[in-house]
Amino acid sequence: MDYKQRVGVQSHIEMGSVEDRSMDDLDDECLYTPGVDARKARTSDSNQLLPFSDQQLPLSDGFHIGGNKMIRNRVYRSIKTVVFSNKLNLLMPFGPLAILVHKLTANNGWVFFLSLLGITPLAERLGYATEQLAFYTGPTVGGLLNATFGNATELIISIYALKSGMLRVVQLSLLGSILSNMLLVLGCAFFCGGLVYHRKEQVFNKATAVVNSGLLLMAVMALSRFSSCIMLVAYAAYLFFQLRNQNDLYSPIDEEGSHHGDNSDSDEDEAPEISQWESVIWLTILTAWISILSDYLVDTIQGASEAWDLSIAFISVILLPIIGNAAEHASAIMFAMKDKLDISLGVAIGSSTQISMFGVPFCVVIGWMMGQEMDLNFQLFETATLFITVIVVAFFLQEGTSNYFKGLMLILCYLIVAASFYAHEDPTSTDQTNQPQT
């Protein structure tokens, strides 16, 4: 019996050491190392089911326990990758703090400010989850996804503003998103990319830029609800054209201007860090949380305007779009610094095209259904600003090349626009009335 007991104890100790070693390995895997995680994800995709599903192995309870540990480990790694891998996420607690301040006090200025800070990392993480999903969809659909979910924040804020009858906030915030994407986001992308590749001029596809510039000029022409329906049809045709006839629309081009689709080396370095279903789940969570904070943001705009002595026009055109465009801003700069200007252009200019051809007409139709007198008849100053911006950007894009000087010029143009709206007095901002239908 003594011998059997010793053998049993020894075998138990050996099994325990193996289990401890396996748990150490699991803990090591939890440490966030994007490159290692990406390669592990590639090799293990064929052996994995849905990311958060119960992978129950029917052989024994031991396998079932091991499967649960793998699921917990995967959830932990996903949360660590999405939530704790970016320093900007330090601003996330300001979202719940904004709700708390709103419940305890009536200080609309602080609630608005905290809501802005809380939405900023959420908008950026929304762009990150979209980029991860784009790995599984290809470059063309990926570029459209970046533009779509990059504008989700602006559309959510606009819908809540429509619900509250703040029509000018809707018009001005969407106008500000177009101006911010075309001048600030694209300018920063050109500037940062030009600094990294200062010994050469970066190149991009001129044809794509020309098409988007034409669509933006078409958007300037529209005024009424009927025009909104026409623009929605035009945008649907634009999507069909991109997805069916322009498969290489977002593929990089070399300095001679020819497309090259062989990016196997870069794909190895830029493998997805989370799975496809994890990306979808995070997109749902982030969109829901942005919707909650947007409600508080819209409710406190008027109070913040009075507390800070800033016009609603300046807050709507400058402050709201800068926060809402955090995803596009980060994505465009990142791709430009990797010499992928076609994707940067697809995110910045493509996002402006989507807002003007889909976002604004969509809000007009939604307002129509809500009984709100929402249309595309902007003020003369705003229409002139948009028209001049489209012309300036079209001139900068006509050569198909970029450098840091062009980027600096676009950034300075945006500062001029910001100063103009700071000094401009909106005649309809005080009573939130809108222009008559045309």
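Residues numbered from 1 in each chain as written. Predicted model: local features only at pLDDT ≥ 70, side-chain atom pairs only at ≥ 80, totals over all residues. Heavy atoms only, no water.

An unreviewed UniProt entry lists the protein under the name Cation exchanger 5, from Hibiscus trionum. Turning to the protein, the UniProt annotation filed under Subcellular location (unreviewed entry) states: "Vacuole membrane". (UniProt positions renumbered as here; feature names shortened; annotations may be inferred.)

> For this particular structure, what's the right way to read the packing of aromatic side chains?
The description of an aromatic ring pair rests on the distance of the ring centres and on the angle between the ring planes. Within this structure, the stated rule accounts for nine aromatic pairs. Taken together, a centroid distance of 6.0 Å and an interplanar angle of 20 degrees make the contact between Phe190 and Phe204 stacked. Here Phe190, found in helix 8 (residues 167-196), pairs with Phe204, found in the loop between strand 1 (202-203) and helix 9 (206-221); they are 14 residues apart in sequence, far enough to count as distant. Chaining the aromatic ring pairs together yields one cluster made of Trp110, Phe112, Phe113 and Trp308. Cation over ring: Arg125 sits above Tyr128, and NZ or CZ is 4.2 Å from the ring centre. (Phe/Tyr/Trp six-rings, centres within 6.5 Å; stacked < 30°, edge-to-face > 60°. Helix = DSSP H or I, 4+ residues; strand = E, 2+ residues; numbered from the N terminus. Lys NZ or Arg CZ within 6 Å of the ring centre and 35° of its normal.)

> Is there a simple way to think about the UniProt feature "transmembrane region" (unreviewed entry) in the protein in this case?
The UniProt record annotates "transmembrane region" (unreviewed entry) at residues 143-162, 174-197, 217-241, 280-298, 310-327, 347-370, 376-397 and 404-423. For the annotated span residues 280-298, helix accounts for 100% and strand for 0% of the residues, and the straight-line distance between the end C-alpha atoms is 27 Å. End C-alpha to end C-alpha, residues 376-397 measures 27 Å, and it is 82% helix and 0% strand.

> Help me understand helix 12 (residues 276-299) in this model?
At 3.6 residues per turn, the α-helix brings residues three or four places apart onto the same side. For helix 12, built from 24 residues, the straight-helix expectation of 34 Å at 1.5 Å per residue is met to within 8% by its first-to-last C-alpha distance of 35 Å. Within helix 12, burial applies to Glu278, Ser279, Trp282, Leu283, Leu286, Ile290, Ser291, Leu293, Ser294, Tyr296, Leu297 and Val298. (Expected span 1.5 Å × (residues − 1). Buried < 20%, exposed > 50% of the residue type's maximum accessible area, 1.4 Å probe, protein only.)

> Help me out: how do you make sense of unusual backbone geometry in this one?
For residues other than glycine, phi is negative in most cases, and the peptide bonds are mostly trans. In this model, Asp309 sits at a positive phi of 55 degrees, which is unusual for a non-glycine residue. Within the fold, Asp309 resides in the loop between helix 13 (301-308) and helix 14 (312-324). Under the relative-accessibility criterion, Asp309 is labelled exposed at 68%. Phi is positive for Asp339, close to 60 degrees, though the residue is something other than glycine. Within the secondary structure layout, Asp339 lies in the loop between helix 15 (326-337) and helix 16 (341-370).

> Help me out: how do you make sense of helix 16 in this one?
For helix 16, built from 30 residues, the straight-helix expectation of 44 Å at 1.5 Å per residue is met to within 8% by its first-to-last C-alpha distance of 40 Å. Where helix 16 bends most, at Ile355, the angle is about 40 degrees. The buried fraction of helix 16 is high, at 24 of 30 residues. Gly371, located one to two residues past helix 16, shows a positive phi value of around 85 degrees. (Bend = angle between axes of the 7 residues up to and from the residue.)

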